[in-house]
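What the coordinates show
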Amino acid sequence: MKIVEVRTSAHRLPPSVPWEDATNKVQGLEFVVVELVTDTGLVGTGFSYTVDIGGTSIAALVEDYLAALVIGMDPLDYERIWLKLQRQSRRLGVGVNSMAIAAIDVGVWDLVGKFLGQPLYRLFGGTREAIPAYISEINLAADDTVEDLLARVDDYMARGYRTVKIKIGRPDIEDDVERIVRVRERLGRGGGLLVDLNQKWSAREALVKAGRIDGLGLGWIEEPLLFDDIPAHVALKRAIRTPIALGESLHSRAQFLDYLRADAIDFVQADVAFVGGLTEWLKIAHLAQIFGRPVAPHYMMELSLHMLCGVSNGFMLENVIGGSFTELGLLEEPIVVEGAMGHPPLRPGHGIVFDRAALDRVRLDPQTLKRAFAGGSK
Ligand SMILES: [Mg+2]
């Protein structure tokens with residue numbers, strides 16, 4: 001099997017509900033979709049994404065440079081392909097190029113699965129057939145009240161969810177405490193509450209504020225601090241008993257290894273699109289396993305189903321409200337989480353089939369962004 005053609009497209013659309021956290025108000029999700037056509041007739045679909053910024057750069061990196069490197073290569077040599085792309089682009093650092101490599105790598109794995117006639121989760125280890133899911137909301141707008149939040153929690157529970165992730169990081173920690181206490185109460189025994197700061201706190205602030213919410217029965221505190229301040233995470237982890245989760249802002253196994261070696265992380269949240277695709281994500285998951293840490297991949301619900309059901313240390317599936325391909329209306333066949341349990345599609349490959357007409361309707365047109373881009377960073 002040889003790759004004979006690479007087609008790239010970029011898309012931009014808002015989440016299907018407004019997203020606002022402590023440090024960002026999301027304007028647009030940007031997806032880069034790559035189709036790898038082979039001489040067998042099999043076509044692999046890869047994809048990557050970014051939030052608000054950079055979609056045109058990722059698409060250009062794939063289209064103008066990386067696509068040519070994979071023409072003629074056999075997708076079964078996924079490691080060889082990944083190394084070639086990584087070595088060629090390493091001068092760009094890790095970030096945009098990891099997202100570009102991911103778009104190709106996911107397509108390569110889709111072809112491996114299709115060629116072997118197997119759904120990807122089985123090729124990743126086939127540890128389980130289904131994975132429990134938590135619902136993840138991004139609702140920290142200034143006018144969002146505790147009553148609004150509790151009404152949403154009632155809805156999540158009616159849909160079968162017992163574990164919920166909410167955003168915190170209000171200026172007054174007592175507002176965060178109130179949200180946590182009231183939601184914990186509403187979820188009741190057996191319920192799980194996770195909170196996400198999106199890197200809001202300074203190192204000193206974290207020691208004080210995390211101390212205030214430590215002991216409230218949280219399942220984890222996510223991204224409390226700047227993503228690259230490992231010593232501050234070490235200090236915080238020693239000061240509290242609540243586990244620390246992070247990883248959506250890291251881009252390589254080396255960065256995760258630094259956190260694991262420093263004992264600065266409890267839950268490993270590598271994002272498949274941000275670390276360079278499935279080839280690198282699997283290495284990070286195995287690395288976490290060696291350190292005895294569960295993996296809880298960030299976002300990318302439909303693809304994470306395969307990753308979590310493949311590896312043995314999968315924790316829970318993140319189902320971000322308003323952000324799955326399914327909710328965005330981009331799939332031919334929806335992939336839904338029912339009763340808070342996620343099942344990977346059983347079709348060969350990843351089984352994620354885009355509705356091309358839907359993708360075409362949200363084509364990323366750089367002209368509409370130029371001089372009009374405002375971003376949402378606070
Ligand atoms: Mg997060």
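What counts and how
- Residues numbered from 1 in each chain as written.
- Predicted model: local features only at pLDDT ≥ 70, side-chain atom pairs only at ≥ 80, totals over all residues.
- Heavy atoms only, no water.
- Salt bridge = Lys/Arg side-chain N within 4 Å of Asp/Glu carboxyl O.
- Helix = DSSP H or I, 4+ residues; strand = E, 2+ residues; numbered from the N terminus.
- Buried < 20%, exposed > 50% of the residue type's maximum accessible area, 1.4 Å probe, protein only.
- Donors = N, O, S within 2.8 Å, 3.2 Å for Na, K, Ca; no water.
- Axes fitted to C-alpha atoms, helices over the stretch in contact; angles between N-to-C directions.
- Parallel < 35°, antiparallel > 145°, perpendicular 65-115°, else oblique.
- Left-handed = near helix turned anticlockwise from the far one by under 90°.
- Contact = heavy atoms within 4.5 Å.
- Nonpolar A, V, L, I, M, F, W, Y, C, P; charged D, E, K, R; others polar.
- Pairing = 2+ DSSP bridges.
- Core = buried A, V, L, I, M, F, W, Y, C linked by side-chain atoms within 4.5 Å.
- Domains from an automatic or database assignment.
- UniProt positions renumbered as here; feature names shortened; annotations may be inferred.
- Right-handed = clockwise from strand over helix to strand, strands pointing away.

**Focus on the pattern of salt bridges**
Overall, the coordinates contain 25 salt bridges when judged by the stated rule. Arg 186 is the salt-bridge partner of Asp 154, the closest N and O atoms lying 2.7 Å from each other. Taken together, the positions of Asp 154 in helix 5 (residues 146-158) and Arg 186 in helix 6 (residues 173-187) put the pair 32 residues apart, joining distant regions of the chain. We classify Asp 154 as partly exposed; its relative accessible area is 35%.

**Focus on the environment of Leu 246**
Looking at the secondary structure, you find Leu 246 in strand 8 (residues 244-246). Since its relative accessible area comes to 3%, Leu 246 is described here as buried.

**Things to note about the coordination of the magnesium ion**
Around a metal, the ideal angle is 109.5 degrees if four donors adopt a tetrahedral arrangement and 90 or 180 degrees if six donors adopt an octahedral arrangement. Taken together, Asp 196 (OD), Glu 222 (OE) and Glu 248 (OE) make up the protein donors of the magnesium ion, found 2.0 to 2.2 Å from the metal. On the primary sequence, the residues serving as donors to the magnesium ion are separated as D-x25-E-x25-E. Of this pair, Asp 196 sits in strand 6 (residues 192-196) while Glu 248 sits in the loop between strand 8 and helix 9 (253-261), and the two are 52 residues apart along the sequence. Considered together, Asp 196 and Glu 248 belong to a single accessibility category, that of buried residues.

**Quick notes on the packing of helix 2 (residues 78-89) against helix 3 (residues 96-116)**
At a minimum axis distance of 10 Å, the contact between helix 2 and helix 3 shows a crossing angle of 165°. One way to sum up the angle between helix 2 and helix 3 is to call them roughly antiparallel. Every pair of crossing elements has a handedness; the one defined by helix 2 and helix 3 is right-handed. Taken together, the residues of helix 3 that come into contact with helix 2 (itself represented by Tyr 78, Ile 81, Trp 82, Leu 85, Gln 86 and Ser 89) are Asn 97, Ile 101, Ile 104, Asp 105, Val 108, Trp 109 and Val 112. Residues that form the contact of helix 2 with helix 3 fall into these classes: 9 nonpolar, 3 polar and 1 charged.

**Considering unusual backbone geometry**
Unlike most non-glycine residues, Asn 198 shows phi in positive territory, near 50°. The backbone phi angle of Tyr 299 is positive, close to 55°, even though this residue is not glycine. Looking at where Tyr 299 falls in the secondary structure, it is placed in the loop between helix 10 (278-290) and helix 11 (301-310).

**A few points about the pairing of strand 3 (residues 43-51)**
When you tally the buried positions in strand 3, you get 7 out of 9 residues, the bulk of the element. Alignment of strand 2 (residues 29-38) against strand 3, held across 9 bridges, turns out to be antiparallel. Bridge pairing in strand 3 links Val 32 to Ser 48.

**Digging into the nonpolar core**
Core analysis: the biggest nonpolar cluster contains 120 residues, and Phe 31, Ile 213, Trp 281 and Leu 330 have the highest contact counts within it. Among the elements that make up this core, the one with the highest residue count is helix 3 (10 residues). Two domains each put at least three residues into this core: domain 1 (3-118 + 356-370) and domain 2 (121-342). Residues in contact with Phe 31, not counting those within four places in the same chain, are Ser 9, Ala 10, His 11, Leu 13, Ser 48, Tyr 49, Tyr 299, Met 300, Phe 325, Leu 328 and Leu 330.

**A closer look at the side chain of Thr 326**
With respect to the element layout, Thr 326 can be found in the loop between strand 10 (317-320) and strand 11 (341-342). The exposure class assigned to Thr 326 is buried, which follows from its relative accessible area of 18%. Setting aside residues up to four positions removed in sequence, Thr 326 forms contacts with Glu 302, Leu 331, Pro 334, Ile 335 and Val 336.

**Some thoughts on the UniProt feature "domain: Mandelate racemase/muconate lactonizing enzyme C-terminal" (unreviewed entry) in the protein**
Residues given the UniProt feature "domain: Mandelate racemase/muconate lactonizing enzyme C-terminal" (unreviewed entry) here are residues 146-243. Between the end C-alpha atoms of residues 146-243 there is a gap of 24 Å, over a span that is 50% helix and 13% strand.

**Considering the pairing of strand 6**
Extensive coverage of strand 6 is indicated by the burial of 5 of its 5 residues. Burial along strand 6 is two-sided: Gly 192, Leu 194 and Asp 196 and Leu 193 and Val 195, pointing in opposite directions, are all buried. The sheet contact formed by strand 5 (residues 163-167) and strand 6 spans 5 bridges and is parallel. Looking across to strand 6, one finds that Lys 167 is bridged to Asp 196. In this fold, strand 5 hands off to helix 6, which returns the chain to strand 6; that crossover is right-handed. For strand 6 and strand 7 (residues 220-222), the ladder comprises 3 bridges, and the chain directions are parallel. Note on strand 7: the bridge partner recorded for Val 195 is Ile 221.

**Details of the sheet that holds strand 1 (residues 3-13)**
With antiparallel pairing, 3 strands are arranged side by side in an open sheet as 1-2-3. With one partner strand each, in any of the chains shown, strand 1 and strand 3 form the two edges of the open sheet. Pairs of neighbouring strands in the sheet enclose a mean axial angle of 15°, with direction left out of account. Together, strand 2 and strand 3 form the strand contacts of helix 3, whose direction differs from that of strand 3 by roughly 150°.

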